[in-house]
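What follows is the residue order along each chain.
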Amino acid sequence: MDVHNIVMDDPERGIFRVHRSALTSDEVFELEQRRIFDHSWLYFAHESELRNPGDYRRRTIAGRPMFIVRGKDGEVRAFLNTCTHRGALVCRHDEGTAESFQCFYHGWTFNNRGELAGLPGSDAYAEAFDRRELGLKPVPRLESYRGMYFVSMDPGIPDLVTYLGGLRHYIDLTMDSAEALGGWEVVAGTAKFTIKANWKLIVENSLDAYHLPTVHQTYVDYMDTRLEAVGASRMQMQSRLSGQSNGVSYPRGHGGFLHFAPGRTIANLSPLWSESAQTEVTRIREELIQRYGVERGSEMADRSRHLLIFPNLLFQDSHTGFRFRQIWPVSPSELRVEQYDLVPRDEQPELRSYRLEWSRAFLGPGGLATPDDVEALESCQKGYGARELEWNDLSRGMHRQPLASDEVQIRGFWRQWHYLLGGRPAGSEAGDRPPAPVPVHA
Amino acid sequence: MPDPSLRSQVEDFLYQDAALLDEWRLDDWLALFTADCSYVVPTTDLPEGDPTRHAVFIDDNYERLVGRVTRLKSRHAHREYPYSRTRRLVANVRITRESPEEVDVQASFVIYRVRSGDMAPYVGHYELTLARSEGGFKFRKRRAVLDMETLQEHGAVSIIL
């Protein structure tokens, strides 16, 4: 399949299809590495992981071993994790605090600003050997937005703020919502798991509200049992995903879905919580409205945001907590997930435990929902073995102001993907309009 | 000096636990727990993970454990419908504390999960507190700590560890 025709986008007829070779082909996989992952802003770490000089995190970003570290001078830098001498990894732990990084192979030592500070037997080198040229190689671009550090391999990429564009409205809502609680911090304990499916399938899945009542029926049943035990009404997933919900799609492939959700520790009540927790949540909600006004404050408190920062970072702030879920392609039929939960630094311990409980209950690999997503994605990937059926359909809601359970946000992802791979420029549709006005719940 | 037969009693209990899970007799298995029980699986990157402070894979009390079992018995628990085949090997059983009410136990496990053309082993150890009850033991604390660095072959913890 020619990459130009791999996406069928016909807003007039309301038909959107993706050729399944996009999810199976080695050639497409290689193109994605070069044209998408080498030319995007990719999330690396959160500021709470790099609070003090010397704090570092080691991660593999777009296939490159890298680490990010706050230098003695207070500045955060991201480096390629390879000794400038012969190549060994100089940072050999996933996290820690260090003044310097010594390569264990020949003992070259780099300080936490990346400079080559020392090497054994330096008298063996000629005058032309300049150790200033042999500092660790910085990642071409590093920028941060609201505490999130991103890197890019593309020196010419537009700045991060421009790149994020209109999606910043929603990022800001979440970031602002925890300001009075000390801001967000990453909580220790990362979910790392691999799924035998193409990486784009979990991007789709994380933006897909249509599947929630079907795939996650056992989760809904569990919630209903818990709610009924305290005399509350059932979960009503269907109506939750229609009435006060919508999908959004922004330029450069960002997008997501938003829906009203009870039981957000910031800040919407749940009948499952204790009285003291309800009091605290009410206080937080009132404070948000006082600080940010009724419209913005209640949007922060009442609506869950499931966002994609193109290409591979899911930003999820819902009744199941707030997390970054980062997706990495491993092969055309394998993906890797790294999932970081964030919590408000000064959150009341009781609310913290509710937050962590619901995060685990739903969206972890040991939860009541994510394992079934894993099954669904692996099942799709197996289905693509039946090559005579060539197209996936993603036309849902193309003719209307899209609901959360429509697929506009998934189409937005695919349009940008197709554009970067050399297909037609990203088109638009009725759905790419600004979101509907936010309902206010007093 | 602990009762020398204690370890074999504990081993018998753990073998019974393994058999019930391998046979998917989940209601019978649930009866092995006290009402104040906990079942915890930390993330692979933080074996010391503490559910009150850290994100973990699983942190069930009795109510949540019942929810987990109810889900696994449903035809809609897609990752485990149809059920995977599992084979649990429990070994290196050590009694680390003993009182008239409780016994603390450490043991190693390998749990093979076989399904859909894949076989993935969960390797790790148990940290257990067993409550002595009439005619045997019950789990008061069951903590399954994994040795893998990630869930690279598994995709999820969809079975009970």
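Sequence positions are assigned chain by chain, starting from 1 and proceeding in written order. In the order they appear in the text, chains get letters beginning with A and ligands get numbers beginning with 1. Restriction of local features to residues with pLDDT of at least 70 applies here, the model being predicted, together with a cutoff of 80 or more for giving and counting side-chain atom pairs; totals for whole chains, interfaces and linings are based on all residues.

(A) A look at the overall build of chain B. Within chain B, the regular secondary structure consists of three helices and six strands. A globule of 161 residues ought to have a C-alpha radius of gyration of about 15 Å, and chain B, at 15 Å, matches this closely. The exposure label follows from counting other C-beta atoms within 10 Å of a residue's C-beta, where the C-beta atoms are placed from the backbone and the thresholds are 20 or more for buried and 12 or fewer for exposed, leaving partly exposed in between. Burial status across chain B gives 35% buried among its 161 residues. Sequence-distant contacts in chain B: of pairs separated by 6 or more residues, those separated by 24 or more amount to 54%. Numbering of helices and strands runs from the N terminus, with a helix taken as a DSSP run of H or I at least four residues long and a strand as a DSSP run of E at least two residues long. Only the C-alpha atoms count toward the radius of gyration. The rule for a globule is 2.2 Å times the residue count to the power 0.38. Note on contacts: residues are paired as contacts if their backbone-placed C-beta atoms lie within 7 Å.

(B) Spatial organisation of the overall build of chain A. Assigned secondary structure in chain A consists of 11 helices and 21 strands. Radius of gyration (C-alpha) of chain A: 23 Å, near the 22 Å computed for a compact globule of 442 residues. With the principal axes as the frame, chain A shows a C-alpha extent of 80 × 60 × 35 Å. Taken over 442 residues, chain A has a buried fraction of 48%.

(C) Broad picture of unusual backbone geometry. Residues and elements named next belong to chain A. Following Ile 266, the chain continues to Ala 267 via a peptide bond in cis, the omega torsion being -20 degrees. Within the secondary structure layout, Ala 267 lies in the loop between β16 (255-260) and α8 (275-302). The amide bond that connects Phe 310 to the next residue, Pro 311, takes the cis arrangement and shows omega of 5 degrees. Locating Pro 311 in the fold gives a position in the loop between β17 (303-309) and β18 (313-318). Unlike most non-glycine residues, Arg 252 shows phi in positive territory, near 70 degrees. Mapped onto the elements of the fold, Arg 252 is located in the loop between β15 (246-249) and β16.

(D) A look at the interface of chain A and chain B. The partner chain B presents 28 residues to the 30 residues of chain A that form the contact. Here the element with the most residues in the side of chain A that touches chain B is helix α10 (residues 370-383) of chain A; it accounts for six residues. Residue polarity is assigned by list, with Asp, Glu, Lys and Arg as charged and Ala, Val, Leu, Ile, Met, Phe, Trp, Tyr, Cys and Pro as nonpolar; anything else, Gly included, falls into the polar class. When the residues that make up the side of chain A that touches chain B are grouped by side-chain class, the tally is 13 nonpolar, 11 polar and six charged.

(E) The domain arrangement of chain A, seen in detail. Residues and elements named next belong to chain A. Segmentation of chain A into domains returns domain 1 (42-145) and domain 2 (165-420). Here domain 1 and domain 2 have C-alpha centroids that lie 35 Å from each other. Residues that form the side of domain 1 that touches domain 2 fall into these classes: two nonpolar, two polar and one charged. Source of the domain bounds: an automatic or database domain assignment.

(F) Structural detail: α8 of chain A. Residues and elements named next belong to chain A. Relative to the 40 Å expected for 28 residues at 1.5 Å per residue, α8 spans just 19 Å between its end C-alpha atoms, considerably shorter than the ideal helical length. The sharpest bend along α8 measures roughly 130 degrees and falls at Gly 293. Among the residues of α8, those classed as buried are Val 281, Ile 284, Arg 285, Leu 288, Gly 297, Ser 298, Glu 299, Met 300, Ala 301 and Asp 302. For α8, the elements touching its buried residues are α3 (168-177), β16 and β17. A helix is expected to span 1.5 Å multiplied by its residue count minus one. Bend angle per residue: angle between axes fitted to the 7 residues ending at that residue and the 7 residues starting there.

(G) Spatial organisation of the nonpolar core. Residues and elements named next belong to chain A. Residues Phe 44, Ile 68, Phe 150, Ile 202 and Ile 309 are the most contacted members of the largest nonpolar core, which totals 125 residues. Residue assignment places this core across two domains, with domain 1 (42-145) and domain 2 (165-420) each supplying three or more. The residues contacting Phe 44, other than those within four sequence positions of it, are Arg 59, Ile 61, Ile 68, Ala 78, Tyr 149, Phe 150 and Val 151. If you look at the next biggest cluster of nonpolar residues, it comprises 11 residues, including Tyr 219, Tyr 222, Tyr 354 and Leu 363. We define the nonpolar core as any set of buried residues of the types Ala, Val, Leu, Ile, Met, Phe, Trp, Tyr and Cys, connected via C-beta atoms lying within 7 Å of each other.

(H) Region of interest: the sheet that holds strand β4 (residues 55-61) of chain A. Residues and elements named next belong to chain A. A pair of strands is labelled paired if DSSP reports no fewer than 2 bridges between them. An order of β6-β5-β4-β7 is seen for the four strands of this open sheet, with the pairing classed as antiparallel. Each edge of the open sheet carries a strand with a single partner, namely β6 (76-80) and β7 (95-97). Geometrically, the sheet is characterised by an average inter-axis angle of 25 degrees between neighbouring strands, direction not taken into account. Lines fitted to the C-alpha atoms define the axes, with helices restricted to the stretch that makes contact. Angles between their N-to-C directions range from 0 to 180 degrees.

(I) Layout of the packing of α3 of chain A against α8 of chain A. Residues and elements named next belong to chain A. As a packed pair, α3 and α8 sit with axes 11 Å apart at the nearest point and diverge in direction by 135 degrees. With respect to their mutual orientation, α3 and α8 come out oblique. The two elements α3 and α8 meet at a crossing, and its hand is left-handed. Facing α3, whose interface residues are Leu 173, Asp 176 and Ser 177, α8 presents Leu 288, Tyr 292, Glu 299 and Met 300. Of the residues belonging to the contact of α3 with α8, the class tally is four nonpolar, one polar and two charged. Orientation is classified from the angle alone, with under 35 degrees giving roughly parallel, over 145 giving roughly antiparallel, 65 to 115 giving roughly perpendicular, and any other angle giving oblique. The hand of a helix crossing depends on one turn: near helix anticlockwise from the far one by less than a right angle means left-handed, and clockwise means right-handed.

(J) Representation of the sheet that holds strand β6 (residues 136-146) of chain B in the model. Residues and elements named next belong to chain B. Across the sheet, which stays open at both edges, the six strands sit in the order β2-β1-β6-β5-β4-β3 with mixed pairing between neighbours. Either end of the sheet is taken by a strand with one partner, and the two such strands are β2 (56-60) and β3 (85-98). Each strand axis lies, on average, 20 degrees off the axis of its neighbour in the sheet, ignoring direction. Across 10 bridges, strand β5 (residues 118-133) lies against β6 in antiparallel orientation. By the bridge assignment, Leu 128 is partnered in β6 with Arg 142. Relative to β3, helix α1 (residues 6-22) is tilted by about 155 degrees, and along the sheet it contacts β3, β4 (102-115), β5 and β6.

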